[in-house]
Amino acid sequence: MNIAQKLISGHLVHGDLTPGGEIAIRIDQTLTQDSTGTMAYLQFEAMGIERVKTKRSVAYIDHNMLQSGSENADDHRYIQTVAAKHGIVFSRPGNGICHQVHLERFSIPGQTLLGSDSHTPTCGAAGMLAIGAGGLDVAVAMGGGAYYLTMPRICRVYLTGELNRMVSAKDVILELLRRLSVKGGMGKIMEYGGPGVKTLSVPERATIANMGAELGATTTVFPSDERTRDFFSARGRAGQWVRLEADPDAEYDEEIELDLSSLHPMAAQPHSPDNVVPVSEIAGIKIDQVCIGSCTNSSFCDLMRVAGILDGKRVAPDVSLTISPGSRQVLKALAKNGALAKLVTAGARVLECACGPCIGMGQAPATNAISLRTFNRNFYGRSGTPSAGVYLVSPETAAVSAVEGYLTDPERHGTEPPYDVPERFEIDDGMLIMPPADGRNVDVVRGPNIKPFPRAVPPAETMSGEALIKLGDNITTDHIMPSNAKLLPFRSNVPYLADFCLSPCDPDFAARAKAKNGGFIIGGENYGQGSSREHAALAPLYLGVKAVLAKSFARIHRANLINNGILPLTFADAADYDAVSEGDEIVIAEAPAQIAAAAEGAAVTASIAGREVELRLDITPRQRDILLAGGLLNYTREHRED
Ligand code: MIC
Ligand code: SF4
């Protein structure tokens, strides 16, 4: 078996390993972060389960860190108290970004992890099966329920050679995005193998696993080998390391080869992570901002390389350089070995250990500015400045360019100074609060910003309404439910957020949806790519959206729609997408019966502007029951999976 098959078969509770079929797996660990966590815990509470049933569940605070009003602090207090009540570890604000901290402190090779964040696959770097999902799926997993997904195809990425100096793991994944696009990993697990793997450390593997999410992959897995063992023992966790490798005769559904020594620095140009070209082709662009950090590139090794490049130099006068360390462990190690002083001396603006500018929590660039970021997403508007052009690059490219003031190819600019990795990092879990053995007496504190979340209802006999908006391909969840410093504080207030639904595409969308009493959304390919945020389903639900008709859907968003009782319909014939216009009247007659028949493979017939159109609703019997029950929450209450 390959690694993915070993991980899945070790946790399988339903289905078999044939790609395309429905499987269910047992979840050992869960993680939430604060911008999705508030909703996930409200939903968990609505299920009425006293204590989590996982081996380990952790609630991180890392996204909603700017406290310019009481909302974020109120939500943090809610999460801290609800975590204590239900047996969940609480990672305090300041402890670091969920994926970095989870990898350092909680990852265990061979276990499964479900997280309410699309970059949860980061822990695949340590041989976990780590999957991102909507908050409701994570809430069900905390309650002991299995996680259902489509058995992915397993794609081996066979690595040979070794990275050249000034070329880094970020360039590996950017090259794969260039080759495969943001849709290239859909329905797949990317499993890395070959002799090149051993040349990559766990933090380097984490960068690659993290951005597998941008390929649209279900997850990414790496073997757990000697390099993994070193990572664990340097963090005082040698006892938790186990070996996990593919059998020598393992088979794969697909294979890609990549010679690491052939790679050069790459950059993803605005506004998509797959708009990738070699840095050398576009070098010389004048830059205004450089942001180093995020769950993709904020490890000790990343920041040591940056410190080595910046040592004795100064950030260019027109450039603002920010650095966000991934965790307190990283920041302390940099402080102890003097690298932090080098960064500060060079003129870096050192931010707290959190997502920060990656999710538009501050550091919005100037009008029309060019920003180089070591992050994973450069979707339109995500930086907080719609007119800004964001390029995704490696820490090396970012650091060299920050000094030069222009996008600069680091390979043509010297070589990075070597650095030592501590044999043993200082272990300090003081910012992790363990839950009491019995949480029954804990009072959960709810702030005034927590508003009731919209609940789905069973489908009406006839679904009817207008096509409220017609969108193109690759619409992201940042389009559907934008996130920035002004909106993130309202993640527990869907009625407020809903007014901004799809605003980057059409500022009048929400008002129109309200005036028309809801209706339908028309999308192109890969609708809902990007984040796991359930709010991209909850806001449309609040606005009365009954179904999304698209050419294809991204995995997590599709599941979020079903979980919230919204039909994810696809056009059987692409010409029908071309024919539909905004304002067309759409009617789906006998909706419950058509949903039931869809689970048996029948098409769904709709009338669009008087024409009869065939749509597909590829659902399993379980998804049929969820839709007919009016969403996963109702379904779970009816079928408690203890
Ligand atoms: C992101 O990177 O888009 C986020 C913010 O981490 C999201 C989660 C969210 O929207 O809260 C994700 O990746 O799932
Ligand atoms: Fe945070 Fe950015 Fe990572 Fe999302 S992608 S978890 S916002 S650092």
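None of these values were measured; they are calculated from a predicted model.

K.L.:
I keep staring at the packing of aromatic side chains and nothing clicks. Help me out?
P.N.:
Here a ring pair, both rings aromatic, is described through the centre-centre distance and the interplanar angle of the planes. Under the defined criterion, the tally for this structure stands at seven aromatic pairs. Centre to centre, the rings of Phe 300 and Phe 425 are 5.3 Å apart; their planes meet at 90°, and the pair counts as edge-to-face. Of this pair, Phe 300 sits in helix α10 (residues 300-310) while Phe 425 sits in the loop between α13 (395-404) and β20 (432-433), placing them 125 residues apart in sequence. Here Phe 300 and Phe 425 have matching classes, each one buried. Here the aromatic cluster, defined as three or more aromatic residues joined through ring pairs, consists of Phe 490, Tyr 496 and Phe 500. Positioned above the aromatic ring of Phe 231 is the side chain of Arg 235, whose terminal nitrogen or guanidinium carbon lies 3.9 Å from the ring centre. Between Lys 470 and the ring centre of Tyr 577, over which it is positioned, the NZ or CZ distance is 4.4 Å.

K.L.:
What exactly am I supposed to notice about the sheet that holds strand β8 (residues 147-150) here?
P.N.:
The pairing of strands in a sheet happens through backbone hydrogen bonds and is either parallel or antiparallel. One open sheet holds the three strands; their spatial order is β1-β2-β8, and the pairing between them is antiparallel. The outermost strands of the open sheet, each flanked by one partner alone, are β1 (12-14) and β8. Neighbour to neighbour, the strand axes of the sheet diverge by 40° on average, direction disregarded. The sheet contact formed by strand β2 (residues 22-25) and β8 spans four bridges and is antiparallel. Residue pairing across strands places Ile 25 opposite Tyr 147, the latter belonging to β8.

K.L.:
Looking at this model, I keep getting lost on the side chain of Glu 191. Mind explaining?
P.N.:
Checked against the element boundaries, Glu 191 lands in strand β10 (residues 188-193). Reaching out from Glu 191, the side chain makes a polar contact with the backbone nitrogen of Ile 3 at a distance of 3.0 Å.

K.L.:
Sorry, what's going on with the site of ligand 1 here?
P.N.:
Among the 14 residues in the neighbourhood of ligand 1, the closest are listed as Ser 35, Asp 117, Ser 118, Ser 532 and Arg 533. In this structure, an oxygen atom belonging to ligand 1 sits 2.8 Å away from a side-chain N or O atom of Arg 382. Take Ser 531: an N or O atom from its side chain is 3.0 Å from an oxygen atom of ligand 1. For ligand 1, whose free accessible area comes to 330 Å², the fraction covered by protein is 97%. Grouping the constituent residues of the shell around ligand 1 by class yields one nonpolar, eight polar and five charged.

K.L.:
What is the right way to read the UniProt feature "domain: Aconitase A/isopropylmalate dehydratase small subunit swivel" (unreviewed entry) in the protein chain from this model?
P.N.:
The UniProt feature table records "domain: Aconitase A/isopropylmalate dehydratase small subunit swivel" (unreviewed entry) at residues 520-573. Taken end to end, residues 520-573 has its terminal C-alpha atoms 18 Å apart, with 31% of it in helix and 26% in strand.

K.L.:
What is the right way to look at the site of ligand 2 in this model?
P.N.:
All residues in the neighbourhood of ligand 2 are listed as His 63, His 99, Asp 117, His 119, Ser 294, Cys 295, Cys 355, Cys 358, Ile 359, Asn 376 and Arg 382. Here the residues of the shell around ligand 2 are counted per class, giving four nonpolar, five polar and two charged.

K.L.:
What am I meant to see in the pairing of strand β18 (residues 370-373) here?
P.N.:
On any regular strand, side chains alternate: one points to one face of the sheet, the next to the other face. A two-sided burial pattern is seen for β18, the buried positions comprising Ile 370 and Leu 372 on one face and Ser 371 and Arg 373 on the other. The pairing of strand β15 (residues 289-292) with β18 spans three bridges and is parallel. Bridge pairing in β18 links Val 290 to Leu 372. Judged from the four bridges that link them, β18 and strand β19 (residues 389-392) form a sheet pairing that is parallel. Across the sheet, the residue bridging to Leu 372 is Tyr 391, located in β19.

Scoring rules and cut-offs
Residues numbered from 1 in each chain as written. Chains lettered and ligands numbered in written order. Predicted model: local features only at pLDDT ≥ 70, side-chain atom pairs only at ≥ 80, totals over all residues. Heavy atoms only, no water. Phe/Tyr/Trp six-rings, centres within 6.5 Å; stacked < 30°, edge-to-face > 60°. Helix = DSSP H or I, 4+ residues; strand = E, 2+ residues; numbered from the N terminus. Buried < 20%, exposed > 50% of the residue type's maximum accessible area, 1.4 Å probe, protein only. Lys NZ or Arg CZ within 6 Å of the ring centre and 35° of its normal. Pairing = 2+ DSSP bridges. Axes fitted to C-alpha atoms, helices over the stretch in contact; angles between N-to-C directions. Polar contact = N/O pair within 3.5 Å; in protein donor to acceptor, adjacent residues only side chain to side chain. Near = heavy atom within 4 Å. Areas by Shrake-Rupley, 256 points an atom, 1.4 Å probe, with all protein chains shown as cover. Nonpolar A, V, L, I, M, F, W, Y, C, P; charged D, E, K, R; others polar. UniProt positions renumbered as here; feature names shortened; annotations may be inferred.

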